[in-house]
Amino acid sequence: AQTVTQSQPEMSVQEAETVTLSCTYDTSENNYYLFWYKQPPSRQMILVIRQEAYKQQNATENRFSVNFQKAAKSFSLKISDSQLGDTAMYFCAFKSGGSNYKLTFGKGTLLTVNP
Amino acid sequence: SAVISQKPSRDICQRGTSLTIQCQVDSQVTMMFWYRQQPGQSLTLIATANQGSEATYESGFVIDKFPISRPNLTFSTLTVSNMSPEDSSIYLCSVSPGQLNEKLFFGSGTQLSVL
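Remember, predicted model here, so these are calculated numbers, not experimental data.

Visitor: Looking at this structure, I do not really get the state of the cysteines. What am I missing?
Guide: Working definition of a disulfide: a covalent bond connecting the sulfur atoms of two cysteines. Residues and elements named next belong to chain A. Scanning the entire structure with this criterion turns up two disulfides over all chains. The residue that forms a disulfide with Cys 23 is Cys 92, at a sulfur-sulfur distance of 2.0 Å. Linking Cys 23 and Cys 92, the disulfide has an S-S dihedral of approximately -70° and is accordingly described as left-handed. Here Cys 23 is found in the loop between β3 (19-21) and β4 (24-26), whereas its partner Cys 92 is found in strand β10 (residues 88-96), with 69 residues between them in sequence. Accessibility expressed as a relative area gives 1% for Cys 23, which makes it buried. Under the relative-accessibility criterion, Cys 92 is labelled buried at 1%.

Given below as structure tokens:
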């Protein structure tokens, strides 16, 4: 079974600075997908970024980028120019590349952006 | 993207009663899922809601406790039966619009408290 580990329960960053959230995972599969979801106090789960394991190039979405290290099974999220609205729980998630739709989530990192 | 409406947004229920949560999507979607997020925890998949057939439950979840309906491609319900305080959680509906490895969208969840 796959596992996803987020070793940082809480983090904080000053507005406009850069912060990196860590995620490691364990799988024996070669084809899979990795995600970062954001959950603000509204409870809405919002997809931040997605990475296909077969792609070597790291995914980027505006101020959000990942550092995907397949051999190390590491998938960290970098948030640049942090904004107050980035304050939320961030969940790392894994999905197999086959017909299984199931997402396996990490326990989350609570990020607080301070003014 | 898919817009998901989930009702109720929150409820406080008495032990032994049942609550039905509704999930309405603004477009037809291939797959619908129900997740549980216990206090301070990550998300765990309860089941996949299959249109026209019985739901597929994950290990640790059973139909008698969490009956699910999916009468069409835009709507599903999850019932939490014979509730106990241990059922106090956030319940989230999630959908995948089409392709197998497309992103998952989430509703804003139902905050359930059982007294």
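Visitor: Please explain the pattern of salt bridges as it appears in this structure.
Guide: Any two side chains of opposite charge can pair if their charged atoms end up close together. Counted under the stated rule, the structure contains six salt bridges over all chains. Residue Asp26(A) is joined to Lys73(A) by a salt bridge in which the shortest nitrogen-to-oxygen separation is 3.7 Å. Of the two residues, Asp26(A) is situated in strand β4 and Lys73(A) in the loop between β8 (64-69) and β9 (74-79); the sequence distance between them amounts to 47 residues. The residue Lys102(A) makes a salt bridge to Glu58(B) at a minimum N-O spacing of 3.3 Å. Placement of Lys102(A) in the loop between β10 and β11 (103-105) and of Glu58(B) in the loop between β6 (56-57) and β7 (68-72) is noted, with the two residues assigned to different chains. One network of salt bridges, with partners in common, ties together Arg50(A), Glu52(A) and Lys55(A).

Visitor: I'm lost on the interface of chain A and chain B in this one. Help?
Guide: Accessible area lost upon the coming together of the parts serves often as the stated size of an interface. Each side of the interface is counted separately: chain A has 21 residues, and chain B has 28 residues. In total, chain A and chain B occlude about 2000 Å² of area from one another, counting both sides; carbon and sulfur atoms represent 55% of this. Of all residues in chain A, Arg43(A), Tyr101(A) and Phe105(A) bury the most surface against chain B, accounting for 39% of the area lost on that side. Our enumeration of links across chain A and chain B arrives at one salt bridge. For the pair chain A and chain B, the interface holds nine residue pairs in polar contact (both at pLDDT 80 or more). Residues belonging to the side of chain A that touches chain B are distributed by class as follows: eight nonpolar, eight polar and five charged.

Visitor: How should the environment of Asn62(A) be read in this particular structure?
Guide: Within the secondary structure, Asn62(A) is located in the loop between β7 (60-61) and β8. Asn62(A) sits 13 residues away from Ile49(A) along the chain, and the two C-alpha atoms are 9.9 Å apart.

Visitor: Would you mind showing me how to read the nonpolar core here?
Guide: In terms of nonpolar packing, the biggest core is built from 27 residues, with Trp34(B) and Val95(B) touching the most fellow members. At the level of secondary structure, the elements contributing two or more residues to this core comprise β3 (19-25), β4 (31-37), β5 (43-49), β8 (75-80), β9 (89-96) and β11 (110-114) of chain B. Examining the composition of this core, we find that four residues originate from one element, β3(B), more than from any other. Look past the residues within four positions of Val95(B) in its chain and what remains in contact with it is Ala2(B), Ile4(B), Val25(B), Val29(B), Met31(B), Met32(B), Lys103(B), Leu104(B) and Phe105(B). Core analysis: the second largest hydrophobic core is formed by 25 residues, Val4(A), Val13(A), Phe64(A) and Ile79(A) among them.

Visitor: Is there a simple way to think about the side chain of Gln37(B) in this case?
Guide: When you line up the elements, Gln37(B) lands in strand β4. The class of Gln37(B) is buried, set by a relative accessible area of 7%. Within the structure, the side chain of Gln37(B) is placed 3.3 Å from the backbone oxygen of Gln41(B), a separation counted as a polar contact. Here Gln37(B) is in contact with Gln39(A), Phe91(A), Ser42(B), Leu43(B), Ser89(B), Ile90(B) and Leu92(B), once residues within four sequence places are set aside.

Visitor: What is the right way to look at the packing of aromatic side chains in this model?
Guide: When we look at a pair of aromatic rings, we describe it by the centre distance and by the angle of the planes. Residue and element names in this part refer to chain B. Within this structure, the stated rule accounts for 14 aromatic pairs over all chains. Aromatic pair Phe 61 and Phe 66: ring centres 5.7 Å apart, planes at 65°, arrangement edge-to-face. Here Phe 61 matches Phe 66 in class, with each residue buried. Note on Phe 66 and Tyr 91: the rings are 6.4 Å apart at their centroids and 45° apart in plane angle, and the pair reads as tilted.

What counts and what doesn't
Residues numbered from 1 in each chain as written. Chains lettered and ligands numbered in written order. Predicted model: local features only at pLDDT ≥ 70, side-chain atom pairs only at ≥ 80, totals over all residues. Heavy atoms only, no water. Disulfide = S-S within 2.5 Å. Helix = DSSP H or I, 4+ residues; strand = E, 2+ residues; numbered from the N terminus. Buried < 20%, exposed > 50% of the residue type's maximum accessible area, 1.4 Å probe, protein only. Salt bridge = Lys/Arg side-chain N within 4 Å of Asp/Glu carboxyl O. Contact = heavy atoms within 4.5 Å. Buried area = accessible area lost by both parts, 1.4 Å probe. Polar contact = N/O pair within 3.5 Å; in protein donor to acceptor, adjacent residues only side chain to side chain. Nonpolar A, V, L, I, M, F, W, Y, C, P; charged D, E, K, R; others polar. Core = buried A, V, L, I, M, F, W, Y, C linked by side-chain atoms within 4.5 Å. Phe/Tyr/Trp six-rings, centres within 6.5 Å; stacked < 30°, edge-to-face > 60°.

Interpretation in functional terms is not warranted from these geometric data alone.
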